[in-house]
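Structural characterization, general
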Amino acid sequence: MVAKIIDGKNFAKTLRVKITRKVSEIRNSQGEVPGLAVILIGEDPASEVYVRNKARQTSEVGMESFKHILDAQVSESNLLALIDEVNNNELIHGLLVQLPLPEHIDSERVINAIVPQKDVDGFHISNVGLLSTGQKAMIPCTPLGCKLMLLNHHGSLSGMNAVVVGRSNIVGKPMANLLLQENCTVTIAHSRTRDLPAVCREADILVAAVGRPNFIKGNWIKPGATVIDVGINRIDNPDPKISRPKLVGDVDFAEASQVAGAITPVPGGVGPMTIACLLANTVTSFCRTKGLAEPNWVEE
Ligand code: NDP
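Report follows, based on the coordinates. Since this is a predicted model, take the numbers as computed values, not measurements. (Residues numbered from 1 in each chain as written. Predicted model: local features only at pLDDT ≥ 70, side-chain atom pairs only at ≥ 80, totals over all residues. Heavy atoms only, no water.)

Glancing now at helix α3 (residues 76–87). For α3, with twelve residues, the first-to-last C-alpha span of 16 Å sits near the 16 Å given by 1.5 Å per residue. Listing the buried residues of α3 in full gives E76, L79, L82, I83, V86 and N87. Buried residues in α3, looked at end-on, bunch into an arc of 145°, giving them a common side. In α3, the exposed positions angled more than 90 degrees off the buried face are occupied by S77, N78 and E85. Where α3 is buried, its residues contact β2 (35–41), β3 (64–70), β4 (94–97) and α4 (107–111). (Helix = DSSP H or I, 4+ residues; strand = E, 2+ residues; numbered from the N terminus. Expected span 1.5 Å × (residues − 1). Buried < 20%, exposed > 50% of the residue type's maximum accessible area, 1.4 Å probe, protein only. Arc of directions from axis to C-beta. Contact = heavy atoms within 4.5 Å.)

Dropping the structure here:
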């Protein structure tokens, strides 16, 4: 079997079209648009590119973009003061603090200083609690993107066996909670899991969020399963003529695509959905603040 490719790039494009339409509706009915602020600390080139992309895409869908770039030496109290300012700025409906933060800053304190309704990354402890108790939360962007792609592909996920490999707070755990909400039977696997290949072989839906290049092999996959590869790993380019690193996922794509029913590629799978979901969360936050009907990003 050769798997169907779940084209995240195209799916993200469709989602951005829906967001643009919703923002335009909001502009017409409310006379204002959602605003997204990003705070970047230090000069990490990869983060700078990522933040630039976010700002560009925010403007492209018609929203207001606010960018704060702070010196790597900024004190925690100055950062908290800026967050407080953004929390109270009525033009801003979503705030993202680009991680990782410098070592002298307590990440948890910073994340929990964002008002939960503007926490479009969904990392605030209130949003974590709301999600895990099945209440209305801000949902972390990467797992939200995976869920939207899965629902688009399958319609309903009810009753399916889902295995999530990885238990981080930003991907694995929220992903497992979302799958549980969709009535999957969920297993979370991690570095202490016994016989991981056998656990993976039980999965109708296999989500890999491990951070190890080409880790999940073709013979770990149940024939016909849907494989969502969250991993982004940079490896030496096998083509000696190309000096830049090659991006690969956590799943051995060449092997897995011969067994799976559907699979997300890397690049072009989960990655493009993450920023699109950040924009979607900002619109959702605006609607909640104003008491408007919330967009349903799956069905619209
Ligand atoms: P973390 O390093 O926080 O978590 C990795 C998880 O994988 C841990 O739970 C760890 O288990 C588990 N793990 C590590 N080694 C093994 C092993 N040998 N067997 C089984 N489980 C193992 O990573 P993240 O969740 O932050 O990210 C995972 C991947 O997703 C990375 O490649 C990252 O770059 C990518 N990513 C992609 C995004 C996107 O937009 N597409 C966004 C965020 C992340 P344990 O807890 O036991 O240590």
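Taken together, 21 residues form the shell around the ligand, and within it R167, S168, S191, R212 and T274 come nearest. The separation between an oxygen atom of the ligand and a polar side-chain atom of R167 is 2.7 Å. Backbone polar atom of V230 to a nitrogen atom of the ligand: 3.5 Å apart, as the coordinates give it. In the complex, the protein chains occlude 72% of the 930 Å² of accessible area that the ligand would expose alone. With three residues, the top contributor of residues to the shell around the ligand is helix α10 (residues 270–290). Counted by class, the shell around the ligand contains nine nonpolar, ten polar and two charged residues. (Near = heavy atom within 4 Å. Polar contact = N/O pair within 3.5 Å; in protein donor to acceptor, adjacent residues only side chain to side chain. Areas by Shrake-Rupley, 256 points an atom, 1.4 Å probe, with all protein chains shown as cover. Nonpolar A, V, L, I, M, F, W, Y, C, P; charged D, E, K, R; others polar.)

Attention now goes to the packing of aromatic side chains. Two aromatic rings are characterised by how far apart their centres lie and by the angle between their planes. For the structure shown, the criterion picks out one aromatic pair. Ring centres of F215 and W220 lie 5.4 Å apart, and the angle between their planes is 80°; on these two criteria the pair is classed as edge-to-face. The exposure class of W220 is buried, given its relative accessible area of 12%. (Phe/Tyr/Trp six-rings, centres within 6.5 Å; stacked < 30°, edge-to-face > 60°.)

Okay, the pairing of β4 next. Both faces of β4 are covered, namely the face carrying G94 and L96 and the face carrying L95 and V97. By the bridge criterion, four bridges tie β2 to β4 in an arrangement that is parallel. Its bridge partner lying in β4, A37 is registered against L95. (Pairing = 2+ DSSP bridges.)

Turning our eyes to something else, we now look at the packing of helix α2 (residues 45–60) against α10. Close contact between α2 and α10 brings their axes to 10 Å; oriented N to C, the two are set at 50°. Classed by the angle they form, the pair α2 and α10 counts as oblique. Note that α2 runs across α10; the crossing there is right-handed. Contact with α2, carried on its side by Y50, N53, K54, Q57 and T58, involves T274, I275, L278 and L279 of α10 and no other residues of that element. A class-by-class count of the residues in the contact of α2 with α10 yields four nonpolar, four polar and one charged. (Axes fitted to C-alpha atoms, helices over the stretch in contact; angles between N-to-C directions. Parallel < 35°, antiparallel > 145°, perpendicular 65-115°, else oblique. Left-handed = near helix turned anticlockwise from the far one by under 90°.)

We now examine the sheet that holds strand β6 (residues 185–189). Within a sheet, adjacent strands bond to each other through the backbone by hydrogen bonds, running parallel or antiparallel. Ordered in space as β1-β11-β8-β7-β5-β6, the six strands form an open sheet in which the pairing is parallel. The open sheet has two edge strands, β1 (4–5) and β6, and neither has a second partner. Where strand β7 (residues 205–208) and strand β8 (residues 226–229) come together, four bridges link them in parallel fashion. Bridge pairing in β8 places V207 opposite I228. Sheet strands touched by helix α6 (residues 141–154): β1, β7, β8 and β11 (262–263). Its angle to β8, the strand with the most contacts, is close to 160°.

If you walk through the whole model with that rule in mind, you get ten salt bridges. Where E182 meets K147, a salt bridge forms, and the shortest distance between an N and an O atom there is 3.6 Å. Within this pair, whereas E182 is found in the loop between α7 (172–181) and β6, its partner K147 is found in helix α6, the two being separated by 35 residues in sequence. Looking at K147, the relative accessible area reads 13%, which means it is buried. A salt bridge links K217 to D252, with the nearest nitrogen and oxygen atoms 3.6 Å apart. You can see K217 sitting in the loop between β7 and β8 and its partner D252 sitting in the loop between β10 (246–248) and α9 (253–256), a full 35 residues away along the chain. Residue classification places K217 among the partly exposed positions, given a relative accessible area of 29%. (Salt bridge = Lys/Arg side-chain N within 4 Å of Asp/Glu carboxyl O.)

So, about the pairing of β3. Summarising the sheet, β2 and β3 pair through seven bridges and their orientation is parallel. Among the inter-strand pairings, G35 is bridged to a residue of β3, identified as E64. In this fold, the crossover linking β2 to β3 by way of α2 has right-handed handedness. (Right-handed = clockwise from strand over helix to strand, strands pointing away.)

This next bit is on the side chain of T282. Tracing the backbone shows T282 in helix α10. Within the structure, the side chain of T282 is placed 2.9 Å from the backbone oxygen of L278, a separation counted as a polar contact. With near-sequence residues (within four places) excluded, T282 lies in contact with P34, G35, L36, M63, H93, G94 and V120.

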